Amino acid sequence: MREIIGGMKIQLVTPAPLNLNNGNKITALRWAGMLKELGHQVRVTQNYDADSCNVLIALHARRSSDSIRRFYNSHPELALIVVLTGTDLYRDIHRDRKAKQSLELATRLVVLQRMALYELPRHLHAKTRVIYQSAEPFRARSARLSENFKVCVIGHLREEKDPLRTALAVRRLPAESRIEVTHIGVALNDGLGEKAQAEARINPRYRWIGQLSHRRTREILARSHLACISSKMEGSSNVLSEALACGVPVIATKIPGLMGTLGRSFSGYFSVGDTRQLTKLLLKAETNADFYRLLKRQCARAAALVQPKRELAEWQRLLQEFV
């Protein structure tokens, strides 16, 4: 790669609608801020627009595949960084031709947790970098144990998130339980939106409040006793990073995209779709102080992975490979 003086011109492509507060958009905007802090010029777009840039960073091997191919065909000598999402790693790169092609065209691949490497062919490991998603601590009044036990679910309503699993789980709680669930996120599937509305009408423990600003979402998260992540697949999770940064313990599905951050021995895992197991974990977190403190300790250890200074240093190290 040729040396670039005075910072690089970077185009960051994310297929996510820029008016929607989802994980890809939040990630793209955070990275744009970090790259600017490192002295680079950054533009965030939904597609590669053929404007002059030294580096293209594309989120999603399949959904950004047209941008990846056009940039490579126009500038095969320039740096092309492809960031792999959950649907890439755990579905698309195993069966989609365009996603597979993106892996080969990339100068570097970025994955967001260490277990992602198991999904990639061995010949791609040398050009793959692991960069954990960071989050800033959010200052808010912590939840008090004397209050109702507040569980936060953050995620748009789509099948990959199994969004109503927590609502179904709290149906089974004993009457004396103080657990209440607040679900933040828009319905990306009309059928799931109708189900969430119906669930909120019949389930007094469940409240779905739709999309909020990122700041307001983080405020509710920081004031919760627990965050629940019920995803069927994740490349990593912004919600997990933000919960760890805020000191809020989590209960999560035992999937590689979350295990790559929380570790194999984390005590708060449940199997995908296992409502009964989730009910037991939620009740245990509410009623067993030793278990709740264990979750907090384990999450506090994992929080070191999501520090912003660590993510900034990893991006700086990666971009220096092209100078």
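Everything here concerns the structure above.
Residues numbered from 1 in each chain as written. Predicted model: local features only at pLDDT ≥ 70, side-chain atom pairs only at ≥ 80, totals over all residues. Heavy atoms only, no water.

A. Layout of a positive patch on the surface. Taken together, R114, K254, R264 and R310 make up a surface patch of like positive charges. Mapped onto the fold, R264 is located in the loop between α9 (256-262) and β12 (269-270). (Patch = residues over 30% accessible without salt bridge, like charges linked within 9 Å, V, L, I, M, F, W, Y side chains within 5 Å. Areas by Shrake-Rupley, 256 points an atom, 1.4 Å probe, with all protein chains shown as cover. Salt bridge = Lys/Arg side-chain N within 4 Å of Asp/Glu carboxyl O. Lys, Arg positive; Asp, Glu negative; His and termini not counted. Charge placed at Lys NZ, Arg CZ, Asp CG, Glu CD. Helix = DSSP H or I, 4+ residues; strand = E, 2+ residues; numbered from the N terminus.)

B. Examining the sheet that holds strand β4 (residues 79-83) more closely. The parallel open sheet is built from six strands, whose spatial order is β2-β1-β3-β4-β5-β6. The open sheet is flanked by β2 (41-45) and β6 (128-130), the only strands paired with a single partner. The average undirected angle you get between the axes of adjacent strands in this sheet is 20°. Where strand β5 (residues 108-111) and β6 come together, three bridges link them in parallel fashion. Bridging across to β6, V111 finds its partner in V130. (Pairing = 2+ DSSP bridges. Axes fitted to C-alpha atoms, helices over the stretch in contact; angles between N-to-C directions.)

C. The arrangement of the sheet that holds strand β10 (residues 226-229) in detail. Pairing is parallel across the open sheet formed by six strands, whose spatial order is β9-β8-β7-β10-β11-β12. In this open sheet, the two edge strands, each paired with only one partner strand, are β9 (206-208) and β12. Looking at chain direction, strand β11 (residues 250-253) and β12 are connected through two bridges and run parallel. Across the sheet, residue A252 finds its bridge partner in β12, namely Y269.

D. Layout of the layout of surface pockets. In this model, the second largest pocket occupies a volume close to 300 Å³. Around the second largest pocket sit 18 residues that line it, and I26, R30, S134, E136 and H214 are the ones nearest its centre. Breaking the lining of the second largest pocket down by element, the ones donating at least two residues are α1 (23-37), α7 (214-222), α8 (238-246) and α12 (308-320). Split into classes, the residues belonging to the lining of the second largest pocket amount to six nonpolar, five polar and seven charged. (1 Å grid on protein atoms, 1.4 Å probe; cavity = no way out; pocket = protein on both sides within 12 Å on 5 of 7 lines; lining within 4 Å. Points joined across faces, edges and corners; volume = space filled by probe spheres on them. Nonpolar A, V, L, I, M, F, W, Y, C, P; charged D, E, K, R; others polar.)

E. View of the packing of aromatic side chains. This model, assessed by the stated rule, comprises four aromatic pairs. Relative to Y269, the ring of F266 lies with its centre 5.1 Å away and its plane at 75°, an arrangement referred to as edge-to-face. Note on accessibility: F266 and Y269 belong to one class, buried. Sitting above the plane of the F291 ring, K284 keeps its charged end 4.5 Å from the centroid. (Phe/Tyr/Trp six-rings, centres within 6.5 Å; stacked < 30°, edge-to-face > 60°. Buried < 20%, exposed > 50% of the residue type's maximum accessible area, 1.4 Å probe, protein only. Lys NZ or Arg CZ within 6 Å of the ring centre and 35° of its normal.)

F. The pattern of salt bridges, seen in detail. All told, the structure shown has 20 salt bridges when counted by the stated rule. Its salt-bridge partner being R178, residue E286 comes within 3.9 Å of it at the nearest N-O pair. Remark: R178 occurs in the loop between α5 (165-171) and β8 (179-184) and E286 occurs in helix α10 (residues 275-287); sequence separation between them is 108 residues. For R178, a relative accessible area of 30% puts it in the partly exposed group. Taking the shortest distance from any N to any O, the salt bridge between E219 and R223 comes out at 3.3 Å. The partly exposed category is assigned to R223, whose relative accessible area is 31%.

G. Molecular detail of the side chain of T182. The topology assignment puts T182 in strand β8. Looking at T182, its side chain comes within polar contact range of the side chain of R207, at 3.3 Å. (Polar contact = N/O pair within 3.5 Å; in protein donor to acceptor, adjacent residues only side chain to side chain.)

H. Looking closely at the state of the cysteines. Taken as a whole and assessed by the stated rule, the structure comprises zero disulfides. In this structure C228 is not part of a disulfide, and its nearest cysteine sulfur, from C152, lies 10 Å away. (Disulfide = S-S within 2.5 Å.)

I. Spotlight on the pairing of strand β7 (residues 149-154). Within β7, five of the six residues are buried, leaving the element largely enclosed by the surrounding structure. Pairing between β7 and β8: six bridges, direction parallel. Bridging across to β8, I154 finds its partner in I184. Note on the crossover from β7 through α5 to β8: the handedness is right-handed. Strand direction decides the pairing type here: β7 and β10, joined by two bridges, are parallel. Bridge assignment links C152 to a residue of β10, and that residue is A227. (Right-handed = clockwise from strand over helix to strand, strands pointing away.)

J. Structural view of the pairing of strand β3 (residues 55-59). A large share of β3 lies buried, amounting to five of its five residues. Of the two faces of β3, the one carrying V55, I57 and L59 and the one carrying L56 and A58 are both buried. In the sheet, strand β1 (residues 9-13) pairs with β3 via four bridges, with the strands oriented parallel. Considered in β3, the bridge of V13 is made with A58. Where β3 meets β4, five bridges bridge the pair, whose relative direction is parallel. From the neighbouring strand, L59 faces β4, where its bridge partner is V83.

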